[in-house]
Structure formats: C-alpha cells, structure tokens
Amino acid sequence: HVKLPIATEILLNSGVFMQKYVIVIVPAIALFIYLLVRYFKSNEGQATFGKLALNSPGFGSFLKKMYLARITQSLHILISGGIPMVQALEISSFTVESPIYQELLFLAADAVRRGETLSAYLSLQSSYFPVLLAAMVTVGERTGRLDEMLKRVSDIYVRDVYDQSSRLSELVQP
C-alpha cells in the first residue's frame, strides 16, 4: 500500500465527513447565512459592511469617489442656494447611502456649529475625505467662494466616477 499525500487524505476524509453529517451541516450553513443576513440588516451590521466596502481594494476607491461626488454636489447646490453651512451638511448627509459618511457629515455639522472650519474637520478625516477636497474647501472658505470650489471638486469626482464605471463596463462586455 502506498501512503496518499496529506492533501488527498484530507479531501477524501472531508467527503466522508460530509456524507455522514450532512443532516447537521446543511442546517448549520442555513442558520449561519440567516444570522449573517440579519446582522447586515441591523445598524451595526450596515456600518460594518460600509467600512468593509470602503476599505476594499479597487471598489472602495470607487465608492468613496461616488459618495464624495454626491456630497459635494449637494453642498454646492445648498450653499449656493443660501442654506447655512450647518444645515447644508445635515441635509447632504441624507443624499449618501453610506452610514459612515452620514455620521461624518453630522459630526462635521457639529464641528462647524462649534466654530471650526469645514476644511479643518475634513483634514482630520483624511481617510474618508482626501487632501484635495480639504484643500479646495480651504481655498473656498478663504476666498468666500466655497460654493464654486465645491462645484469644481464635484465635477472632478463625477468625471472620475464616470470614467471608472465606463472602464468597468468595457471590461465586462464581451
């Protein structure tokens, strides 16, 4: 008798194990999936999923740009329409589906309410708000043309999202 390699033995034994205990394994997998789905429907689960999605390679960058495009578009429209900064930040939080960005915008509104500049707050959150955005907001705050700077940043992010989604669709098409 020739001794089988360890990988082959594990494969064969796992097949035998599954045949013997299929009555336990299938319900266990179903229960795990059910609990996982329930968790991701909860607020905590959505926040966890949001963090995982934003930190995923490739896709996370795309999501961040998409959320930043929506946020900057919304802020531009609201501020140019005469809505005060704090209210504009709070209203803009409802334009993104990300619980993380919603919370960050509410915290930004609190910071502005306390007298901080928006750019100072954005600089502290550099993992979610790029340096470019904070720099453009700084220029807008100093020149009194924040709405124009937000429009420019918005245009950049919208173009990036469009370009990335176009490239992705080209890769998917046969």
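This one's a predicted model, so the numbers in the text were calculated from it and none came from an experiment. (Residues numbered from 1 in each chain as written. Predicted model: local features only at pLDDT ≥ 70, side-chain atom pairs only at ≥ 80, totals over all residues. Heavy atoms only, no water.)

### Some words on the packing of helix 7 (residues 131-143) against helix 8 (residues 146-172)
- Across the interface, helix 7 lies against helix 8 with an axial gap of 7 Å and an inter-helix angle of 155°. If you check the angle between helix 7 and helix 8, you find them roughly antiparallel. Crossing geometry of helix 7 relative to helix 8 is assigned as right-handed. For the pair helix 7 and helix 8, contact is made by L132, L133, M136, V137, V139, G140 and E141 and by L146, M149, L150, R152, V153, I156 and Y157, respectively.
- Among the residues making up the contact of helix 7 with helix 8, the classes are represented as 11 nonpolar, 1 polar and 2 charged. (Axes fitted to C-alpha atoms, helices over the stretch in contact; angles between N-to-C directions. Helix = DSSP H or I, 4+ residues; strand = E, 2+ residues; numbered from the N terminus. Parallel < 35°, antiparallel > 145°, perpendicular 65-115°, else oblique. Left-handed = near helix turned anticlockwise from the far one by under 90°. Contact = heavy atoms within 4.5 Å. Nonpolar A, V, L, I, M, F, W, Y, C, P; charged D, E, K, R; others polar.)

### Focus on the confidence of the model for the chain
- The pLDDT averaged across the chain works out to 90; a share of 99% of its residues lies at or above 70.
- When mean pLDDT is taken per element in the chain, helix 4 (residues 85-92) scores highest with 95 and helix 2 (residues 43-55) scores lowest with 84. (pLDDT = per-residue confidence, 0-100.)

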